[in-house]
Amino acid sequence: MSVEAQKYHEEDAIGKTYDLKVAGRLLRYLKPYWKTATLALTLTFLTNVLISTQPYFTKVAVDDFITPKRTDGVWLFALAFFGVFLLRFLFSYAQEILLNRVGQQVMFDLRTEIFTKLQHQEIAYYDKYPVGRIITRITSDVDALNEMFTSGVIDVLGDLVIIFAIIGMMFWLDWKLAIVTLITVPILFACTNWFRKHARRGFDRVRTRNAKLNAFLQEYLSGAQTVQLMNAESKARKRFHEINDDYRNANIETIYYYSVFYPLVDFIGAFGIALVIFSFGYEHLPTLSSAGEAISIGILAAFIQYSLQLFQPIRDLSDKFNVLQAAIVASHRIFILLDLDIDIKSPEHPKKSGKIDGRIEFQNVWFAYKGEDWILKDISFAVEPGESIALVGHTGSGKTTITNLLMRFYDVQKGKILVDGVDVRDWDLHDLRSNFAVVLQDVFLFSGSIEDNIRLGNKEIDHDRIEWAAKEVRADDFVRKLDDGYASLVKERGAGLSVGQKQLISFARALAFDPKILILDEATSSIDTETEQLIQQAVERVMEKRTSLVVAHRLSTIQRCDRIMVLHHGELRESGTHNELLGIRGLYWRLYQLQYSDEKLHISAPANLDSENPIASMS
Ligand SMILES: Nc1ncnc2c1ncn2[C@@H]1O[C@H](COP(=O)(O)OP(=O)(O)OP(=O)(O)O)[C@@H](O)[C@H]1O
Ligand SMILES: [Mg+2]
């Protein structure tokens, strides 16, 4: 199986599960609204009983008034007819409103529950599932459920009511004709069953492929720039074409079943009516001419109407059944998501919460994202409060991984990570993370104002503090130049701001929050010298009086740290000050040589670097 196929495998597999337990669990969501739901159900019942009286009115009209040419009492009859239909109108109006309200409430509750769950979902989950598919869960799966609440289940019950009411009425009117009318019902059921099976399969396919389409779009639209840069449009278009084609074919296939099914049902219905007329004629016509038997004409009219009325719910039943099944499948998927165990959560009795001093210790840490693919091997080190450590190493050596583990985005397989002497797994998760300020390689900005992006929802941070933080990291200058200053809106994902500016904003964030530990994952991308200097100053400002773990690429940053640790293929190979490490002429020395020659070639080193850098001035 290709990776792609594997990725979507789960999506396909679940489609076959059908579970009454799921239905039972769904009913629980109705609980808070049971009064409204019961009322709606009663109204559905009444509406359908009223519908089944309609042909009886026809019979009375024909037999009691039209054929005998009578007019006395006709106004009363008309009034009754009108009354019944008025009631039916009112009942079904109220029922529709109530049902929809309940459906919307339940969807609202579900969406909230899913979102809350997703918020606490561990990061490994997002590594595994494409965002497009997660979005499908919260949108179309919930919609499928809504359809069930508003048209599926209740209508199925209503349909059953109407079917039984009609059959009862028919037997009451004329049992022989009733039997003739019912002859076609088994055929109808067989036909319906065929349709249900195929349409359901088709429906599953439509849904699965829709999820694929969403996942694809999500990925390619977020990567639009890369796609264009790589001139990969035609390849992407081809792939999109395939997915789009699959989706269309799945839709067309279901349409095929629908387009055969409905006319077929009509045909069977017409056949049934023909049967009724034929047998009516066979039995009654010879006697009709000899007056007095006219009463049967009304019955015939009523039976024709009853047959039509009977076929409709049987036909719809299959459709509703599909809606029901689709909803069950959708909710099954939703429940799987809701039931996923989250391993990374606060322990029941956290050993530690609140503010910290900022001591970090890794004790023989082994970590793999998958299986035994060790990314970190037996890493041990300690950072004292206020100390700053630079992590250096080749790309993929595990630097970012170390910072992820420290904030417990993943759990280690072996060993321990301690913050202030307490295992991160024994910490209150929220408190643990609130002690970190993070400036990541890829700064993420939300849509909202610059100010919102610095504050990140923390109400304790007022405007003055934001301005202060921005000034401290020198972000103030460029923010003021924006049209609306701090109120300027940041476009999605920070489009419209340079990498350096985004970094400065995230430094301001870090300073405004003022936590004890700073994690800085420097961007590797080169920025112009002026911004480089600005950022360097910002880094220094934010590192002051804090424990800092810095994934550093810039010499200036590295040298300012108290200690440098060199990671190589997941192992901690060297540790010491800049000079010590150069002295042993090992990995760091080689990295330094590489970078230094690079800097000389490409970037003019910041002016202050040379004077403070013994090695640079040595060479
Ligand atoms: N979410 C993930 N799932 C699986 N493997 C991952 C994941 N994130 C990183 N890796 C792997 O772990 C290894 C270490 O990655 P990490 O991001 O820690 O490297 P790094 O030292 O920060 O590199 P860089 O300097 O490029 O940022 C890499 O081989 C990477 O492929
Ligand atoms: Mg990294």
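Structure: see above.
Residues numbered from 1 in each chain as written. Chains lettered and ligands numbered in written order. Predicted model: local features only at pLDDT ≥ 70, side-chain atom pairs only at ≥ 80, totals over all residues. Heavy atoms only, no water.

## A closer look at the packing of helix 16 (residues 463–472) against helix 18 (residues 499–513)
Moving on, step 1. The interhelical angle for the contact between helix 16 and helix 18, taken along N-to-C directions, is 125 degrees, at an axis separation of 8 Å. Classified by the interaxial angle, the pair formed by helix 16 and helix 18 is oblique. The two elements helix 16 and helix 18 cross, and the hand of that crossing is right-handed. Between helix 16 and helix 18, the residues in contact are R465, W468, A469, A470 and E472 and A508, L511 and A512, respectively. (Axes fitted to C-alpha atoms, helices over the stretch in contact; angles between N-to-C directions. Helix = DSSP H or I, 4+ residues; strand = E, 2+ residues; numbered from the N terminus. Parallel < 35°, antiparallel > 145°, perpendicular 65-115°, else oblique. Left-handed = near helix turned anticlockwise from the far one by under 90°. Contact = heavy atoms within 4.5 Å.)

## Quick look at the pattern of salt bridges
Moving on, step 1. Considering all chains together, one arrives at 26 salt bridges under this definition.
Moving on, step 2. Among the ionic pairs, D141 bridges to R207, the shortest N-O distance being 3.2 Å. Here D141, found in helix 7 (residues 131–173), pairs with R207, found in helix 9 (residues 184–222); they are 66 residues apart in sequence, far enough to count as distant. Taken individually, D141 and R207 each receive the classification buried, so the pair is uniform in this respect.
Moving on, step 3. The salt bridge involving R315 is made with D316; its shortest N-O contact spans 3.5 Å.
Moving on, step 4. Judged by its relative accessible area of 18%, R315 is buried.
Moving on, step 5. Classification of D316 as buried rests on a relative accessible area of 18%.
Moving on, step 6. Through salt bridges with shared partners, a single ionic network connects R137, D141, R207 and R333. (Salt bridge = Lys/Arg side-chain N within 4 Å of Asp/Glu carboxyl O. Buried < 20%, exposed > 50% of the residue type's maximum accessible area, 1.4 Å probe, protein only.)

## What about the sheet that holds strand 5 (residues 422–423)?
Within a sheet, each strand pairs with its neighbour through backbone hydrogen bonds, oriented either parallel or antiparallel.
Moving on, step 1. Read across the open sheet, the 4 strands follow the order 2-1-4-5; overall the sheet is antiparallel. If you trace the sheet from one side to the other, it starts and ends with strand 2 (374–383) and strand 5, each paired once.
Moving on, step 2. As defined by bridge partners, strand 1 (residues 360–368) adjoins strand 4 (residues 414–419) across 5 bridges and the pair is classed as antiparallel. Bridge assignment links Q363 to a residue of strand 4, and that residue is K416. (Pairing = 2+ DSSP bridges.)

## Let's talk about the sheet that holds strand 10 (residues 547–551)
Moving on, step 1. Strand order across the open sheet formed by 6 strands is 6-9-10-3-11-12, with mixed pairing between neighbours. Edge strands, defined here as strands with exactly one partner in the open sheet, are strand 6 (436–439) and strand 12 (571–576). Geometrically, the sheet is characterised by an average inter-axis angle of 15 degrees between neighbouring strands, direction not taken into account.
Moving on, step 2. Across 5 bridges, strand 11 (residues 563–568) lies against strand 12 in antiparallel orientation. Within the sheet, the bridge partner assigned to I564 lies in strand 12 and is G576.
Moving on, step 3. Lying over the sheet, helix 18 contacts strand 6 and strand 9 (517–521), oriented at roughly 175 degrees with respect to strand 6.

## Examining the site of ligand 1
Moving on, step 1. The local shell around ligand 1 holds 13 residues, among which T395, G396, K399, T400 and T401 are the closest.
Moving on, step 2. Between K399 and ligand 1, the recorded distance is 2.7 Å, taken from a side-chain N or O atom to an oxygen atom.
Moving on, step 3. One of the side-chain nitrogen or oxygen atoms of T400 is found 2.6 Å away from an oxygen atom of ligand 1.
Moving on, step 4. Compared with its free state, where it exposes 640 Å², ligand 1 has 66% of that area covered by protein.
Moving on, step 5. Here the shell around ligand 1 gets 3 residues from one element, more than from any other, and that element is helix 13 (residues 399–406).
Moving on, step 6. Looking at the shell around ligand 1 residue by residue, the class counts come to 3 nonpolar, 8 polar and 2 charged. (Near = heavy atom within 4 Å. Polar contact = N/O pair within 3.5 Å; in protein donor to acceptor, adjacent residues only side chain to side chain. Areas by Shrake-Rupley, 256 points an atom, 1.4 Å probe, with all protein chains shown as cover. Nonpolar A, V, L, I, M, F, W, Y, C, P; charged D, E, K, R; others polar.)

## Observations regarding the packing of aromatic side chains
Moving on, step 1. For the structure shown, the criterion picks out 24 aromatic pairs.
Moving on, step 2. Seen from their ring centres, Y258 and Y262 are 6.0 Å apart, and the 20 degrees between their planes marks the pair as stacked. With a gap of 4 residues between them, Y258 and Y262 both fall in helix 11 (residues 233–288), about one helical turn apart.
Moving on, step 3. With a relative accessible area of 29%, Y258 lands in the partly exposed category.
Moving on, step 4. Aromatic ring contacts, followed pair by pair, group F57, F65, F77, F81 and F85 into a single cluster.
Moving on, step 5. Positioned over the ring face of F335 is R25, at 3.9 Å from the centre of the ring. (Phe/Tyr/Trp six-rings, centres within 6.5 Å; stacked < 30°, edge-to-face > 60°. Lys NZ or Arg CZ within 6 Å of the ring centre and 35° of its normal.)

## So, unusual backbone geometry
Glycine aside, residues mostly have negative phi angles, and peptide bonds mostly take the trans form.
Moving on, step 1. The phi dihedral of D420 is positive, around 50 degrees, even though this residue is not glycine.
Moving on, step 2. For D420, the position within the fold is in the loop between strand 4 and strand 5.
Moving on, step 3. One non-glycine residue, L456, adopts positive backbone phi at about 50 degrees.
Moving on, step 4. On the secondary structure map, L456 appears in the loop between helix 15 (450–455) and helix 16.
Moving on, step 5. Given the relative accessible area of 40%, L456 is considered partly exposed.

## Here's the deal with the pairing of strand 2
Moving on, step 1. Sheet analysis places strand 1 next to strand 2, joined by 6 bridges and oriented antiparallel. The residue of strand 2 that forms the bridge with I360 is V383.
Moving on, step 2. The turn linking strand 1 back onto strand 2 is made up of 5 residues, and G371 within it adopts a positive phi angle of 50 degrees.

## Some points on helix 2 (residues 20–30)
Moving on, step 1. Three or more residues of helix 2 are buried, namely V22, L26, Y29 and L30. Projection of helix 2 onto a plane perpendicular to its axis shows the buried side chains occupying an angular sector of 105 degrees, all on one side. What points out from helix 2, more than 90 degrees from its buried face, is the exposed set L20, K21, L27 and R28. (Arc of directions from axis to C-beta.)

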